[in-house]
Amino acid sequence: IANDKELVISDSRTLFNYMAPLLADLDHEEFWAIFLSTRGKVLGRQRISLGGQTHTQVDPRILFRNALECKAVSLMVAHNHPSGTIRASHEDKQLTRRLSEAGSLLEIKLLEHIIIGINPSGQADYFSFHDNGLI
């Protein structure tokens with residue numbers, strides 16, 4: 001688990017700036033979790049899954065085990081779409097809902113989920129579930 005204890009992440013743009021260097025140019029999907037303190041300080045970040053060109057499997061048990069080990073009170077997640085598109089698929093929406101529900105049972109709030117891709121002009125871009133009312 002990487003550690004960036006002085007960094008505070010409170011919005012989708014900061015999360016994008018933090019995660020895009022890791023995810024924007026990959027040719028396969030990766031799913032990452034960022035574990036946060038009460039004040040939004042990063043307690044750690046960890047790759048939860050590594051997949052193929054079109055999907056990756058996310059096991060909520062692994063994600064929340066790591067959140068509990070970090071003593072996180074909230075978390076944000078990010079994954080990439082190697083195709084470049086930042087549209088949320090039906091599966092992305094289902095996963096976000098499942099993670100949000102699991103988190104509320106454990107009192108670890110899912111604050112954000114972003115999808116990182118490349119826009120038509122060749123620049124890294126993102127879709128925010130929170131900003132679009134999906135969390």
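Here is what the cut-offs are and how they apply
Residues numbered from 1 in each chain as written. Predicted model: local features only at pLDDT ≥ 70, side-chain atom pairs only at ≥ 80, totals over all residues. Heavy atoms only, no water. Helix = DSSP H or I, 4+ residues; strand = E, 2+ residues; numbered from the N terminus. Buried < 20%, exposed > 50% of the residue type's maximum accessible area, 1.4 Å probe, protein only. Contact = heavy atoms within 4.5 Å. Areas by Shrake-Rupley, 256 points an atom, 1.4 Å probe, with all protein chains shown as cover. Salt bridge = Lys/Arg side-chain N within 4 Å of Asp/Glu carboxyl O. Arc of directions from axis to C-beta. Polar contact = N/O pair within 3.5 Å; in protein donor to acceptor, adjacent residues only side chain to side chain. Patch = residues over 30% accessible without salt bridge, like charges linked within 9 Å, V, L, I, M, F, W, Y side chains within 5 Å. Phe/Tyr/Trp six-rings, centres within 6.5 Å; stacked < 30°, edge-to-face > 60°. Lys NZ or Arg CZ within 6 Å of the ring centre and 35° of its normal. Expected span 1.5 Å × (residues − 1).

1. Topic: the overall build of the protein
Thinking step 1. Along its length, the protein carries 3 helices and 5 strands.
Thinking step 2. Put simply, the protein runs from its N terminus to its C terminus through helices and strands in the order α-β-β-α-β-α-β-β.
Thinking step 3. Viewed in the frame of its principal axes, the protein has a C-alpha envelope of about 40 × 30 × 25 Å.
Thinking step 4. Per-residue burial for the protein yields a buried fraction of 46% across its 135 residues.
Thinking step 5. At a minimum sequence separation of 6, the contacts of the protein that also span at least 24 residues come to 65%.
Thinking step 6. Carbon and sulfur atoms form 49% of the exposed surface of the protein, whose accessible area is close to 7,300 Å².

2. Considerations on the pattern of salt bridges
Thinking step 1. Within this structure, the stated rule accounts for 3 salt bridges.
Thinking step 2. Its salt-bridge partner being glutamate 30, residue arginine 47 comes within 3.3 Å of it at the nearest N-O pair. Residue arginine 47 is located in strand β2 (residues 42-50), and its partner glutamate 30 is located in strand β1 (residues 30-36); the two are separated by 17 residues in the primary sequence.
Thinking step 3. Arginine 61 is paired through a salt bridge with aspartate 59; the nearest N and O atoms lie 3.0 Å apart.

3. What to know about helix α2 (residues 60-70)
Thinking step 1. Within α2, burial applies to Pro60, Leu63, Phe64, Asn66, Ala67 and Cys70. End-on view of α2: buried residues confined to an arc of 155 degrees, all on one side of the axis. Residues of α2 that are exposed and point over 90 degrees away from its buried face: Arg61 and Glu69.
Thinking step 2. Turning to α2, the residues buried within the fold contact β1, β2, β3 (74-80) and α3 (90-106).
Thinking step 3. The opening residue of α2, the one whose side-chain oxygen lies 2.9 Å from the backbone nitrogen of arginine 61, is aspartate 59.

4. Some thoughts on a nonpolar patch on the surface
Thinking step 1. Nonpolar side chains collect at one region of the surface, where Leu68, Leu105 and Leu106 lie side by side and expose about 330 Å² of accessible area between them.
Thinking step 2. Of note, leucine 68 is situated in helix α2.

5. With respect to the packing of aromatic side chains
Each aromatic ring pair is described using two quantities: the centre-to-centre distance and the angle formed by the ring planes.
Thinking step 1. A full pass over the atoms with the stated rule returns 2 aromatic pairs.
Thinking step 2. Judged by centre distance (4.8 Å) and plane angle (25 degrees), the ring pair of phenylalanine 16 and tyrosine 126 falls under stacked. In this pair, phenylalanine 16 sits in helix α1 (residues 12-23) while tyrosine 126 sits in strand β5 (residues 124-128), placing the two residues 110 residues apart along the sequence. The burial state of phenylalanine 16 is the same as that of tyrosine 126; both residues are buried.
Thinking step 3. When the centroid spacing of 5.3 Å and the interplanar angle of 85 degrees are considered together, the rings of phenylalanine 127 and phenylalanine 129 count as edge-to-face. A single burial state applies to phenylalanine 127 and to phenylalanine 129, both of which are buried.
Thinking step 4. Over the face of the ring belonging to tyrosine 18 we find arginine 45, whose NZ or CZ atom lies 4.3 Å from the ring centre.

6. Points about α3
Thinking step 1. Here α3 contains 17 residues, and its C-alpha end-to-end distance of 25 Å stays within 8% of the 24 Å for a straight helix at 1.5 Å per residue.
Thinking step 2. Along α3, the positions that sit buried rather than exposed are Asp92, Leu95, Thr96, Leu99 and Gly103. Axial view of α3: buried residues confined to an arc of 100 degrees, hence all on one face. Turned more than 90 degrees off the buried face of α3, the exposed positions are His90, Ser104 and Leu105.
Thinking step 3. As for α3, its buried residues are in contact with β1, α2, β3 and β4 (109-118).
Thinking step 4. Backbone geometry just downstream of α3 places glutamate 107 in the positive-phi region, at approximately 60 degrees.

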